[in-house]
Amino acid sequence: MPQNLLDFDAHALAGYFTEMGEKPFRARQLMRWIYKEGESNFAAMTDIAATLRDKLAQRACITAPEIVREELSDDGTRKWLLNVGTGNAVEAVFIPEETRGTLCVSTQAGCTLDCAFCSTGKQGFNRNLSVAEIIGQLWWANHRLGKGVDGNWKISNVVLMGMGEPLLNFDNTVSALRLMLDDHAYGLSRRRVTVSTSGIVPAMDRLREECPVALAVSLHAPNDKLRDTLVPVNRKYPLKDLLAACRRYLERAPRDFITFEYVLLDGVNDSVQQARELVRLVHDVPCKFNLIPFNPFPQTHYRRSNPEAVRRFRDVLMEAGIVTTTRKTRGDDIAAACGQLAGLVQDKTRRTVQHLAEVH
Ligand code: SAH
Ligand code: SF4
C-alpha cells in the first residue's frame, strides 16, 4: 500500500523524508504543493527534483476521501458526503458569509456519546477518522471551491463541529489541526480554528498543552441533573469539573473567552429561570454564548423552541453582560444544519439506504 502523505503532519513528513534519505526541507516544499496549491500529482510539482518525484510516485500518494455526493443549498451552503470506506461516509459543510468562509469538519464516523438531541449520536459509533480523512475534508473543499480573486483559498475558518467528538479522536485531530495552522500548509490563525467538545475534561487539558486553538464547549443545560440526561458524558465530567477545565484552558487559549453552545429545546432547557441559573453557573468563566435553534431529524421527539422563548432566553444572558448570538440555521434544506449531519453509517444490510432516504 502506498503511504498516504495526508496522514502526516509537518513533523511526521520530515521524519518520512529523513528515512528516505532526503533533506527535511524538501518535505516543506512538498507540503506547499499539497496544501497551498492543492496538488496531488507528483509529476506536476515542477520545482522538486525529478528523481525525488519518481521515488515518491512509487511509494506514496496524496489521497483525500472520495466525494460521493455534493449538495448546494439555496443559501449558498455546500455539503459534501465523503466516502471513508467499508460503507461509511462523513460530511463536511461549507458556510459562506460576507467576511469569511467556514468549513465544518467531521472527526469520527458516528459518535460514542449519544447526546439526546443529536442525530450523529443516534447512529452509534463506527470509527475514528484518520488524519488524511480529517484534513482531506479541507483539501477537497478547497479543491472544489477554488481560490478567490485575492489568490487565497475561500475557507478562512475551520470548526470541528461536524460528526463525532474531536477530543475522543485526539491524536489524529491534533495532527490535522497542526496542518491547518502550519505556515507551509494552510497557515490559518489559531483564532480561526475552533474545536467543539461536549466536555472531555482530561483531553481539554491536553489540547491546551499540545495545540491550543479556539474552544467551543457544548453546555446545553444549567445544572447537572438536566445535563446528565441531555449530554450523558456529564456523568463522567460534571459541570464543576468542566467549568474548571474551561478556566484552565483560557490560560493558554488564543482567545480570551470560551464559546458555550446551547441548543434550545422547547420546554426542556429554554425557560427564563434556566437562563438565570445559567448566568450564575458561568459567572466566573469569561465566555460568549451561541444559542443554536434545535434542528429536528426524523427519530427525535424534541422540538425547536419558539422564537419568543429564544429571545427571552437571550435577553437574560445579554442583561447579565454575556455576549450572545443566536445561530442562523444554514443549509437546512440539504440537512446540513448542526446535528443533522447523518451520513451513511456502515451497513451491509439495508439500514444505510433506508437511513439516507429518511434524511434526504
Ligand atoms: N461532539 C462535539 C462536536 C460536534 S457536535 C460537540 O458535541 O460539541 C457540534 C454541535 O452541534 C454541538 O454543540 C451539538 O450540541 C450541536 N448539535 C447536535 N445535534 C444538534 C441538533 N439536532 N440541532 C442543533 N444542534 C445540534
Ligand atoms: Fe457526539 Fe457531539 Fe452529537 Fe454529542 S452532540 S452525540 S458529542 S457529535
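Residues numbered from 1 in each chain as written. Chains lettered and ligands numbered in written order. Predicted model: local features only at pLDDT ≥ 70, side-chain atom pairs only at ≥ 80, totals over all residues. Heavy atoms only, no water.

A. Spatial organisation of the overall build of the protein. The helix and strand inventory of the protein stands at 12 helices and 14 strands. Against the 2.2 N^0.38 benchmark of 21 Å for 360 residues, the protein shows a C-alpha radius of gyration of 21 Å, consistent with a compact globule. Out of the 360 residues belonging to the protein, those deemed buried represent 55%. Within the protein, contacts between residues separated by at least 24 positions form 66% of all contacts whose residues are at least 6 apart in sequence. In the structure as shown, the protein presents an accessible area of about 16,000 Å², 49% of it carried by carbon and sulfur atoms. Once the 46 positive and 43 negative side-chain charges of the protein are each reduced to a mean point, those two points are 1 Å apart. (Helix = DSSP H or I, 4+ residues; strand = E, 2+ residues; numbered from the N terminus. Rg over C-alpha atoms; globule rule 2.2 N^0.38 Å. Buried < 20%, exposed > 50% of the residue type's maximum accessible area, 1.4 Å probe, protein only. Contact = heavy atoms within 4.5 Å. Areas by Shrake-Rupley, 256 points an atom, 1.4 Å probe, with all protein chains shown as cover. Lys, Arg positive; Asp, Glu negative; His and termini not counted. Charge placed at Lys NZ, Arg CZ, Asp CG, Glu CD.)

B. Broad picture of the site of ligand 1. Near ligand 1, the surroundings consist of 21 residues, among which Phe117, Ser196, Ser218, His220 and Asn295 are the closest. With respect to ligand 1, the side chain of Ser196 contributes an N or O atom lying 2.7 Å from an oxygen atom. In the environment of ligand 1, an oxygen atom lies 2.7 Å from a nitrogen or oxygen atom belonging to the side chain of His220. Breaking the shell around ligand 1 down by element, the ones donating at least two residues are strand S10 (193–197), strand S12 (258–264) and strand S13 (287–293). (Near = heavy atom within 4 Å. Polar contact = N/O pair within 3.5 Å; in protein donor to acceptor, adjacent residues only side chain to side chain.)

C. Representation of the domain arrangement of the protein. Each assigned domain of the protein is listed with its residue range as follows: domain 1 (3–61) and domain 2 (66–359). Here the C-alpha centre of domain 2 lies 32 Å away from the C-alpha centre of domain 1. Between domain 1 and domain 2, the residue contacts involve 16 residues of the former and 17 residues of the latter. Each partner contributes to the roughly 1,400 Å² buried at the junction of domain 1 and domain 2, and carbon and sulfur atoms together form 56% of this total. Note that Glu37 is salt-bridged to Lys147, the shortest N-O span being 4.0 Å. Along the contact surface separating domain 1 from domain 2 lie 8 residue pairs in polar contact (both at pLDDT 80 or more). Looking at which element gives the most residues to the side of domain 1 that touches domain 2, the answer is helix H2 (residues 24–36), with 6 residues. Of the residues assigned to the side of domain 1 that touches domain 2, the class counts are 6 nonpolar, 3 polar and 7 charged. (Domains from an automatic or database assignment. Buried area = accessible area lost by both parts, 1.4 Å probe. Salt bridge = Lys/Arg side-chain N within 4 Å of Asp/Glu carboxyl O. Nonpolar A, V, L, I, M, F, W, Y, C, P; charged D, E, K, R; others polar.)

D. Representation of the packing of helix H10 (residues 272–281) against helix H11 (residues 307–319) within the structure. Between H10 and H11, the least distance of the axes is 9 Å, while the angle of their chain directions is 25°. On the basis of their axis angle, the class for H10 and H11 is roughly parallel. Seen from above, H10 lies across H11 with right-handed handedness. For the pair H10 and H11, the contacting residues are Val272, Gln274, Ala275, Arg276, Leu278 and Val279 in the first and Arg312, Phe313, Val316 and Leu317 in the second. (Axes fitted to C-alpha atoms, helices over the stretch in contact; angles between N-to-C directions. Parallel < 35°, antiparallel > 145°, perpendicular 65-115°, else oblique. Left-handed = near helix turned anticlockwise from the far one by under 90°.)

E. Up close: helix H5 (residues 131–145). For H5, which comprises 15 residues, the first-to-last C-alpha distance of 21 Å matches the rise-based estimate of 21 Å (1.5 Å per residue) to within 8%. The largest bend in H5 comes to about 30°, at Gln137. Here H5 lies mainly inside the structure; 13 of its 15 residues are buried. Directly beyond the C-terminal end of H5, a positive phi value near 75° is found at Gly146. (Expected span 1.5 Å × (residues − 1). Bend = angle between axes of the 7 residues up to and from the residue.)

F. Spatial organisation of helix H9 (residues 239–250). The end-to-end C-alpha distance of H9, which contains 12 residues, comes to 16 Å, matching closely the 16 Å that a straight helix rising 1.5 Å per residue would cover. Those residues of H9 that fall on the buried side of the exposure criterion are Leu239, Leu242, Leu243, Ala245, Cys246, Tyr249 and Leu250. Projected down its long axis, H9 shows its buried positions confined to an angular sector of 155°, all on one face. In this structure, the buried residues of H9 make contact with helix H7 (201–210), strand S11 (214–218), helix H8 (224–230), S12 and H10. (Arc of directions from axis to C-beta.)

G. Structural view of the site of ligand 2. Close contacts around ligand 2 come from Cys111, Leu113, Asp114, Cys115, Cys118, Gly121, Gly164 and Ser198, and that covers them all. When its residues are assigned to classes, the shell around ligand 2 shows 4 nonpolar, 3 polar and 1 charged.

H. Broad picture of the nonpolar core. Of all hydrophobic cores here, the largest spans 110 residues; its most connected members are Leu5, Leu207, Phe260 and Phe289. Two domains each put at least three residues into this core: domain 1 (3–61) and domain 2 (66–359). Phe289 has contacts with Leu219, Phe260, Tyr262, Leu278, Val282, Leu317, Ile322, Val323, Thr324 and Thr325, leaving out every residue within four places of it along the chain. (Core = buried A, V, L, I, M, F, W, Y, C linked by side-chain atoms within 4.5 Å.)

I. Main features of the confidence of the model for the protein. For the protein, the average pLDDT comes to 90, and 91% of its residues sit at 70 or higher. Taken as a whole, residues 343–360 scores under 50 in pLDDT and shows 38 contacts with residues more than four places along the chain or in a different chain. (pLDDT = per-residue confidence, 0-100.)

J. Spotlight on the pattern of salt bridges. Scanning all chains against the criterion turns up 22 salt bridges. In this structure, the salt-bridge partner of Lys79 is Glu91, at a minimum N-O distance of 3.6 Å. Residue Lys79 is located in strand S4 (residues 78–83), and its partner Glu91 is located in strand S5 (residues 89–96); the two are separated by 12 residues in the primary sequence. No difference in accessibility class separates Lys79 from Glu91, as the two residues are buried. Residues Asp284 and Arg247 are paired through a salt bridge, measuring 3.1 Å at the closest nitrogen-oxygen approach.

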